[in-house]
Amino acid sequence: EALYIVIRGCVMTDGLRFIRDGSSWGDDMLLQSNWLKRDPFAVSLTYVELALVKKADLEYVMSKHPGARTILRARTIRVALRREFIRQAKLKLRKREAERGETK
C-alpha cells in the first residue's frame, strides 16, 4: 500500500481517471475497509516519474508529528464517507435495476 505522486508525466487509473504532474493516487491506503479501497493499478500514458510514499513510512512520520496525524485522519474520514456513499448509491441502483428486470 502506497501513495503515488506523479512528478512528471501522465497515468490513467480507474479506467478513465487521468493523473498528471503534481497529482496523486493511492490516498486510500489509510482506509481500514478493503471494499472502500480502489485498485492502485495504473497505466502510463507518457514517460512518468513517480514519488512513492509507503504506508509504513507515512505512519512513522505521523508518529513524530501528531498534528499531521490529525490532518490525515480527517482526510481519511472524508475519503471513507465519500466512497461509502458512492458504494451505497451503486448498490441501490443495482437493486432498483434488478427489481425492474423482474417485473418486465
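Model, not experiment: these values are computed from the prediction. (Residues numbered from 1 in each chain as written. Predicted model: local features only at pLDDT ≥ 70, side-chain atom pairs only at ≥ 80, totals over all residues. Heavy atoms only, no water.)

Engineer: Is there a simple way to explain the pattern of salt bridges in this structure?
Structural biologist: Note that side chains of opposite charge can pair when their charged atoms are close. Taken as a whole, this structure holds eight salt bridges when the rule is applied. The partner of Lys 55 in a salt bridge is Glu 1, and the shortest N-O contact between them spans 3.3 Å. Taken together, the residues Lys 55 in helix α1 (residues 55–64) and Glu 1 in the segment before β1 (2–8) connect sequence positions 54 residues apart. For Lys 55, a relative accessible area of 22% gives the class partly exposed. In this structure, the salt-bridge partner of Arg 17 is Asp 14, at a minimum N-O distance of 3.7 Å. The exposure class assigned to Arg 17 is partly exposed, which follows from its relative accessible area of 32%. Each member of the salt-bridge network shares a partner with another, and the members are Glu 1, Lys 37 and Lys 55. (Salt bridge = Lys/Arg side-chain N within 4 Å of Asp/Glu carboxyl O. Helix = DSSP H or I, 4+ residues; strand = E, 2+ residues; numbered from the N terminus. Buried < 20%, exposed > 50% of the residue type's maximum accessible area, 1.4 Å probe, protein only.)

Engineer: Help me out: how do you make sense of the sheet that holds strand β6 (residues 49–54) in this one?
Structural biologist: Adjacent strands of a sheet pair through backbone hydrogen bonds, lying either parallel or antiparallel. The strand order across the open sheet built from three strands is β4-β1-β6, with neighbouring strands paired in antiparallel fashion. Pairing within the sheet leaves two strands with one partner each, and these edge strands are β4 (24–25) and β6. Inspection of the sheet shows β1 paired to β6 by six bridges, in the antiparallel sense. Paired with Leu 3 across the two strands is Val 53, which belongs to β6. (Pairing = 2+ DSSP bridges.)

Engineer: Hey, could you run me through the side chain of Thr 13 in this one?
Structural biologist: Looking at where Thr 13 falls in the secondary structure, it is placed in strand β2 (residues 10–13). Residue class for Thr 13 comes out buried when judged on its relative accessible area of 1%. With residues near it in sequence (within four places) discarded, Thr 13 still touches Ile 19, Trp 25, Phe 41 and Ala 42. (Contact = heavy atoms within 4.5 Å.)

Engineer: How should I be thinking about the sheet that holds strand β3 (residues 17–20) in this particular structure?
Structural biologist: Strand order in the open sheet formed by three strands is β3-β2-β5, with antiparallel pairing between adjacent strands. Edge positions in the sheet fall to β3 and β5 (42–44), since each of these pairs with one other strand and no more. When the angles between neighbouring strand axes are averaged without regard to direction, this sheet yields 30°. As paired strands, β2 and β5 are joined by three bridges and run antiparallel to one another. The partner of Met 12 across the bridge, within β5, is Val 43. (Axes fitted to C-alpha atoms, helices over the stretch in contact; angles between N-to-C directions.)

Engineer: It is not clear to me how a positive patch on the surface should be interpreted in this structure. Could you clarify?
Structural biologist: Side chains of Lys 92, Lys 95, Arg 96 and Arg 100 sit close together on the surface and give a patch of like positive charge. Tracing the backbone shows Lys 92 in helix α2 (residues 66–103). (Patch = residues over 30% accessible without salt bridge, like charges linked within 9 Å, V, L, I, M, F, W, Y side chains within 5 Å. Areas by Shrake-Rupley, 256 points an atom, 1.4 Å probe, with all protein chains shown as cover. Lys, Arg positive; Asp, Glu negative; His and termini not counted. Charge placed at Lys NZ, Arg CZ, Asp CG, Glu CD.)

Engineer: Even after reading the chapter, I still don't get the pairing of β2, so can you show me in this structure?
Structural biologist: Within a regular beta strand, the side chains point alternately toward one face of the sheet and then the other, so they alternate between its two faces. In this structure, β2 lies alongside β3, joined through four bridges in antiparallel fashion. Bridge pairing links Cys 10 to Arg 20 in β3. Where β2 hands over to β3, the hairpin turn is made up of three residues, of which Asp 14 adopts a positive phi near 50°.

Taken by themselves, the reported measurements are silent on function.
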